[in-house]
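The lines below spell out each chain.
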Amino acid sequence: MEPTQRKMKVLEAVVEEYIKSGEPVGSKALCDVLDFSVSSATVRNDMAELANLGLLEQTHTSSGRVPTELGYRVYIDKLMKPSELGQREKTALSDTLYMSANTPENLLETAADVLSRITGCAAAAASPTSEKAVIKRVKFMQTGGYTAMAVLITSTGSVKTRLFRCDFLITQQLVETFEKLMNEKLENMPVTAVTPAFMQTTAVSLGEMSMIVPNMLVAVHDAAKDASETGVFIKGQANLFTMPELASADGKKVMELLGHSSELSKLLSTENSKYDVLIGSELHNPALTNLSFIVTHYKASEECSGALAIVGPVRMNYPKIIAALEYAADTVGTLLSEMLGF
């Protein structure tokens, strides 16, 4: 075995043993798990050279070695072997998701919940990106003599509602007339095109009727604005604070990130054919240096795709977690495709 190849095997073993135990890995313990025969002294020298390369570090003078952030990066990019969920885990995950496939929102919220339980980390699910979403239908439902609800349905399965009130008695005839007019103007229009300027132009085109139902127009605009934003569901945040690796993390700032959908949306927007892993400093946030973020994408159609992600400590079981994410993404994509009729 070439020395460089041997050192990479040593690095791989150190990372995987440290992920399992959370304890620094010594040369003697490493000899027991390597799949080739080599002396403890040789392994010790290899570990020292890997440390010189910035791939391992020694937390205490007499202790073994642990991976650095760069060591994890080399492991993930070059050494990590693919894993696969067991059949029992697959069945449990797919059955749970199938039972929740009544609306896209419920499916994605369940996906985040089940992933957090499988991985023991925090999990996030983002709704299908709205850039290509179009309006499929606008409906109005009378809820009272002076109140009604605008219901906007998009091509990605998003359903957004807005209540509104009028200063006059609402009749079923008015509701039906306005619903017909709105669908004539909005059907198959991108949700991002329903801007205030567009709604002003629409109001002008309605003539005197626009003076009667301004709140209806405002409700439609606000529902379209909601539909144009990516929805993010996150579960299992409390899991992060049971992990010793995160004892020194700024819990308040971590929770702020996990509760800030726009920040999460940026992380979830990374595009990769399979998965993407961001480690520590790669998250560009000092509060998250002890965390890793793994994201993969589901696809219901060419126009309908979104993301699933895991947030956890840098010392996490990457092969298993990636396998869970990819299987969940495939299942979510299939269920969404069936639900939305793609």
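Structure's up top.
Here we summarise the structure given alongside this text. Bear in mind the structure is a predicted one, so any value in this text is a computation, not a measurement.

**Structural notes on the sheet that holds strand β8 (residues 275–279)**
Step number 1: Read from one edge of the open sheet, 5 strands run β7-β3-β10-β9-β8, paired in antiparallel fashion. Looking along the sheet, the strands with just one partner apiece sit at the ends: β7 (232–235) and β8. On average, each strand axis in the sheet is inclined to that of its neighbour by 15°, with strand direction left out of account.
Step number 2: Sheet analysis places strand β3 (residues 122–126) next to strand β10 (residues 304–313), joined by 5 bridges and oriented antiparallel. From the neighbouring strand, Ala122 faces β10, where its bridge partner is Val311.
Step number 3: Of the strands in this sheet, β3, β7, β9 (291–301) and β10 are in contact with helix α6 (residues 104–119), which crosses β7 at around 30°.

**Description of the layout of surface pockets**
Step number 1: Considered as a void within the structure, the second largest pocket measures approximately 250 Å³ in volume.
Step number 2: Together, 14 residues line the second largest pocket, and Pro67, Tyr72, Thr289, Asn290 and Val314 are the ones closest to its centre.
Step number 3: Among the secondary structure elements, those contributing two or more residues to the lining of the second largest pocket are β2 (65–67) and α4 (69–79).
Step number 4: In terms of residue class, the lining of the second largest pocket is built from 6 nonpolar, 4 polar and 4 charged.

**Topic: the pattern of salt bridges**
Step number 1: On inspection of all chains with the given rule, the structure shows 14 salt bridges.
Step number 2: Salt-bridge contacts for Lys20 lead to Glu17; the nearest nitrogen and oxygen are separated by 3.5 Å. In this pair, Lys20 and Glu17 are both assigned in helix α1 (residues 3–21), 3 residues apart and thus about one turn of the helix distant.
Step number 3: Under the relative-accessibility criterion, Lys20 is labelled exposed at 65%.
Step number 4: A salt bridge links Asp113 to Arg117; the shortest N-O distance between them is 3.3 Å. Here Arg117 and Asp113 lie together in helix α6, a separation of 4 residues that amounts to about one turn.
Step number 5: Among the residues examined, Asp113 registers a relative accessible area of 29% and is labelled partly exposed.

**Some words on the packing of helix α7 (residues 172–186) against helix α8 (residues 196–205)**
Step number 1: Remark: α7 packs on α8, axes separated minimally by 12 Å, with the N-to-C direction vectors making an angle of 130°. Viewed along their axes, α7 and α8 adopt a mutual orientation that is oblique. In terms of crossing hand, the pair formed by α7 and α8 is right-handed. In this structure, α7 contributes Met182, Lys185 and Leu186 to the contact, and α8 contributes Phe198, Thr202 and Ser205.
Step number 2: Considered class by class, the residues forming the contact of α7 with α8 number 3 nonpolar, 2 polar and 1 charged.

Cut-off values and rules
Each chain carries its own residue numbering, running from 1 in the written order of its sequence. In keeping with the model being predicted, local features are shown solely for residues with a pLDDT of at least 70 and side-chain atom pairs are shown and tallied solely at 80 or more, while totals for entire chains, interfaces and linings include all residues. To get the side-chain values, all heavy atoms of the structure are used, and hydrogens and water are removed first. DSSP-based pairing: two strands are paired if at least 2 bridges between them are found. Secondary structure elements are taken from DSSP: a helix is a run of H or I of four residues or more, a strand is a run of E of two residues or more, and numbering for both begins at the N terminus. Here the axes come from fitting lines to C-alpha atoms, over the contacting stretch only for helices, and the angles between their N-to-C directions go from 0 to 180 degrees. Residue contacts follow a heavy-atom distance rule, with two residues in contact if any of their heavy atoms lie within 4.5 Å. The way it works is a 1 Å grid over only the protein atoms, where trapped points that fit a 1.4 Å probe form a cavity and open points with protein on both sides within 12 Å along at least five of seven lines form a pocket, and then any residue with an atom within 4 Å of a point lines it. Grid points are joined across faces, edges and corners, and a volume is the space filled by probe spheres set on the points. Residues are grouped as follows: Ala, Val, Leu, Ile, Met, Phe, Trp, Tyr, Cys and Pro are nonpolar; Asp, Glu, Lys and Arg are charged; all remaining types, including Gly, are polar. Definition used for salt bridges: Asp or Glu carboxyl oxygen within 4 Å of a side-chain nitrogen of Lys or Arg. Relative accessibility under 20% of the residue-type maximum defines a buried residue, over 50% an exposed one, and the middle range a partly exposed one, all with a 1.4 Å probe and only protein chains included. The cut-offs work like this: below 35 degrees is roughly parallel, past 145 is roughly antiparallel, 65 to 115 is roughly perpendicular, and the gaps in between are oblique. By the definition used in this description, the sense in which the near helix is turned from the far one sets the handedness, with an anticlockwise turn below a right angle giving left-handed and a clockwise turn giving right-handed.

Honestly, it's all geometry; don't read function into it.
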